[in-house]
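# Examination of the molecular architecture
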Amino acid sequence: MRVEGPYLRSGQVAEQAGVNPQTLRYYERRGLIAEPVRSPGGHRAYPPETVTLLRVIKAAQRLGFTLEEVAELLGAGRRGHPTPDLRARAQAKMTEVEARIADLTTIWAALSAVVSAGCDSLTQCTCPLPFADLASLFPSPQNGISSPYDDR
């Protein structure tokens, strides 16, 4: 296919969108962006709109959407269907963020207690909230609830 109109090379798209050039190929394989046509010299030729699409994808990721979720939402939009699911998914992400904020608040309080108590050993800490008891503050897979901090 012959390239007509303005186009951008991989490096230009990556730079303008603030992504790594390998990200372009990965997103192509995942179906998030269309495979580009080739220039007469054999270079990948992306339409300028690709930069905007990449920025939207990265913004959605920063909001907590997985690439799979982004692909589903983009797919619905490409088929010309409205995406009322976006609102429901955003509300679900808000709930996830609230849970993470609660976890982080607990972690911050525990770290503050460690600092205030002057702890310098994980096993010999005498602070009001010993490290051995910290596990009880967070949900675990054993009780059917997993935490985003498990197995990190």
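See the structure printed just above.
Let me sum up the structure you'll find in this document. This one's a predicted model, so the numbers in the text were calculated from it and none came from an experiment.

Counting secondary structure elements, the protein contains six helices and two strands. Secondary structure elements in the protein, listed N-terminal to C-terminal, are α-α-β-β-α-α-α-α. Burial status across the protein gives 28% buried among its 152 residues. Restricting the contact set of the protein to residue pairs at least 6 apart, pairs at least 24 apart contribute 51%. Summing over all exposed atoms, the protein offers an accessible surface of approximately 10,600 Å²; the carbon and sulfur share of this is 56%.

With that settled, the discussion passes to the pattern of salt bridges. According to the stated counting rule, one finds four salt bridges in the structure shown. Here Arg44 ties to Glu28 by a salt bridge, and the two come within 2.6 Å at their closest N and O atoms. Remark: Glu28 occurs in helix H2 (residues 21-30) and Arg44 occurs in strand E2 (residues 44-45); sequence separation between them is 16 residues. Since its relative accessible area comes to 15%, Arg44 is described here as buried.

Counting residues in each nonpolar core, the largest one holds 19 residues, and the members touching the most others are Leu24, Leu54 and Ile57. Among the secondary structure elements, those contributing two or more residues to this core are helix H1 (10-17), H2, helix H3 (49-62) and helix H4 (67-78). Dropping the residues within four chain positions of it, Leu24 is found in contact with Ser10, Val13, Ala14, Val19, Ile33, Tyr46 and Leu54.

We now examine the layout of surface pockets. The calculated volume of the largest pocket comes to roughly 180 Å³. What lines the largest pocket is a set of eleven residues, among which Val56, Ala60, Leu73, Leu74 and Leu86 lie closest to the centre. Of all the secondary structure elements, the ones that give two or more residues to the lining of the largest pocket are H3 and H4. It is H3 that contributes the most residues to the lining of the largest pocket, four residues altogether. Here the lining of the largest pocket is composed, by residue class, of ten nonpolar, one polar and no charged.

On to the environment of Gly31. As for its position among the elements, Gly31 is in the loop between H2 and strand E1 (37-38). Linking Gly31 and Leu74, residues 43 residues apart in sequence, is a C-alpha distance of 9.6 Å.

The subject of this paragraph is the packing of H1 against H3. As a packed pair, H1 and H3 sit with axes 9 Å apart at the nearest point and diverge in direction by 45 degrees. One element, H1, and the other, H3, form an angle in the oblique class. The two elements H1 and H3 meet at a crossing, and its hand is right-handed. Between H1, through Val13, Gln16 and Ala17, and H3, the contact on the second element is made entirely by Thr50, Val51, Leu54 and Arg55. The residue inventory of the contact of H1 with H3, partitioned by class, reads four nonpolar, two polar and one charged.

Conventions used here
- Residues numbered from 1 in each chain as written.
- Predicted model: local features only at pLDDT ≥ 70, side-chain atom pairs only at ≥ 80, totals over all residues.
- Heavy atoms only, no water.
- Helix = DSSP H or I, 4+ residues; strand = E, 2+ residues; numbered from the N terminus.
- Buried < 20%, exposed > 50% of the residue type's maximum accessible area, 1.4 Å probe, protein only.
- Contact = heavy atoms within 4.5 Å.
- Areas by Shrake-Rupley, 256 points an atom, 1.4 Å probe, with all protein chains shown as cover.
- Salt bridge = Lys/Arg side-chain N within 4 Å of Asp/Glu carboxyl O.
- Core = buried A, V, L, I, M, F, W, Y, C linked by side-chain atoms within 4.5 Å.
- 1 Å grid on protein atoms, 1.4 Å probe; cavity = no way out; pocket = protein on both sides within 12 Å on 5 of 7 lines; lining within 4 Å.
- Points joined across faces, edges and corners; volume = space filled by probe spheres on them.
- Nonpolar A, V, L, I, M, F, W, Y, C, P; charged D, E, K, R; others polar.
- Axes fitted to C-alpha atoms, helices over the stretch in contact; angles between N-to-C directions.
- Parallel < 35°, antiparallel > 145°, perpendicular 65-115°, else oblique.
- Left-handed = near helix turned anticlockwise from the far one by under 90°.

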